[in-house]
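What follows is each chain in one-letter form.
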Amino acid sequence: SDGRKIQILDQKNRDVLLSYINSISSEKFAYNEKGYLYNTGKESKEGKSKLYTQRINDAINKEYLTIVIEIDDSYTNNGVMYSLSQKGEGATWNIDNKTVGVIVSGKEHKTKDQKDATLTQSPAEILLHELVGHAIPIISPSSTFDTGNAIDNENLIRKEIGLPMRQEDKKHVE
């Protein structure tokens, strides 16, 4: 695949966003001149997520549907502006019937772990959540991976690579 299906629109932040993905994925991704992701086929070091890599590959291989990723502090959906500080520093929304927007602020976010202690999500973990929890289930549903719950999806990958698990939230649907 030529990686037409996940695009880092945000030219000035392409390397940063790519580093977020590659810090967790078990295989290295890169982007072409238009910002479209592709899998280089190179393995990352041990301890990275094969599940995350698989879900990104699923999205890249999806015909007709695109996820666009950017870094900013806010986004507009249906004429309404939303601040990411109110959204856990990340958000996903349908731009149109062929395009899903994913935006992260590039800031950390404090949430809770399963023992009710503070858990600080890195920007890479927030992007992971937006992709596997919301965006990829929209464009490339997986009966073997998707749980119907965005945090549960994220926790599958957290468990795989030994990160602390996020506290459940039944209302946090894909």
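Quick note: structure is the one above.
Just so it is clear, the model here is predicted, and its values are computed rather than measured. (Residues numbered from 1 in each chain as written. Predicted model: local features only at pLDDT ≥ 70, side-chain atom pairs only at ≥ 80, totals over all residues. Heavy atoms only, no water.)

1. Concerning the sheet that holds strand 7 (residues 90-96)
- Across the sheet, which stays open at both edges, the 4 strands sit in the order 1-4-8-7 with mixed pairing between neighbours. Both edges of this open sheet fall to strand 1 (6-8) and strand 7, since each of them pairs with a single strand only. Each neighbouring strand pair of the sheet contributes to a mean axis angle of 25 degrees, computed without reference to strand direction.
- Direction of pairing for strand 1 relative to strand 4 (residues 66-71): parallel, over a ladder of 3 bridges. Bridge pairing in strand 4 places Gln7 opposite Val68.
- Across the sheet, helix 3 (residues 123-139) touches strand 4, strand 7 and strand 8 (99-104), and the angle it forms with strand 8 is around 170 degrees. (Pairing = 2+ DSSP bridges. Helix = DSSP H or I, 4+ residues; strand = E, 2+ residues; numbered from the N terminus. Axes fitted to C-alpha atoms, helices over the stretch in contact; angles between N-to-C directions. Contact = heavy atoms within 4.5 Å.)

2. Some points on the pairing of strand 4
- Most of strand 4 is tucked away, with 5 of its 6 residues classed as buried.
- With 6 bridges connecting them, strand 4 and strand 8 associate as parallel partners. Bridge pairing in strand 8 places Glu70 opposite Ile103. (Buried < 20%, exposed > 50% of the residue type's maximum accessible area, 1.4 Å probe, protein only.)

3. Looking at the pattern of salt bridges
- Under the defined criterion, the tally for this structure stands at 8 salt bridges.
- With its nearest N and O atoms 2.8 Å apart, the salt bridge here joins Glu154 to Arg158. Here Glu154 pairs with Arg158, and both are found in helix 4 (residues 150-161), just 4 residues apart, close to one helical turn. Arg158 shares its class with Glu154; the two are buried.
- Here the salt bridges do not stand alone but share partners, grouping Glu125, Glu154, Arg158 and Arg166 into one network. (Salt bridge = Lys/Arg side-chain N within 4 Å of Asp/Glu carboxyl O.)

4. Here's the deal with helix 2 (residues 50-60)
- Residues of helix 2 that are buried: Tyr52, Thr53, Arg55, Ile56, Asn57, Ala59 and Ile60.
- The N-terminus of helix 2 is capped by Ser49, whose side-chain oxygen sits 3.3 Å from the backbone nitrogen of Leu51. (Polar contact = N/O pair within 3.5 Å; in protein donor to acceptor, adjacent residues only side chain to side chain.)

5. Here we look at unusual backbone geometry
- Despite not being glycine, Glu89 has its phi angle at roughly 70 degrees, a positive value.
- Looking at the secondary structure, you find Glu89 in the loop between strand 6 (80-83) and strand 7.
- Taking the relative accessible area as the measure of exposure, Glu89 reaches 10% and is therefore buried.

6. Focus: helix 4
- With 12 residues, helix 4 extends 17 Å between its outermost C-alpha atoms, agreeing within 8% with the 16 Å of an ideal straight helix rising 1.5 Å per residue.
- Buried within helix 4 are the following residues: Ala150, Ile151, Asn153, Glu154, Asn155, Ile157 and Arg158.
- Contact partners of the buried residues in helix 4: helix 2, strand 10 (118-121) and helix 3.
- In this structure Asn149 caps helix 4, since a side-chain oxygen of it lies 3.0 Å from the backbone nitrogen of Ile151. (Expected span 1.5 Å × (residues − 1).)

7. Brief notes about the pairing of strand 10
- By the alternation rule, side chains of strand 10 split into Leu119 and Gln121, which are all buried, and Thr118 and Thr120, of which none is buried.
- With 4 bridges connecting them, strand 9 (residues 109-112) and strand 10 associate as antiparallel partners. Counted as the bridge partner of Lys110 is Thr120 from strand 10.
- In sequence, strand 9 turns back onto strand 10 through a hairpin of 5 residues, with Asp116 there showing a positive phi of about 70 degrees.

8. Topic: the environment of Leu17
- Among the structural elements, Leu17 can be located in helix 1 (residues 14-22).
- For Leu17, a relative accessible area of 0% translates into the label buried.
- Sequence-wise, Leu17 and Ser83 are 66 residues apart; in three dimensions their C-alpha atoms are separated by 19 Å.

It is worth stressing that arrangement in space is one thing and function is another; only the former is reported here.
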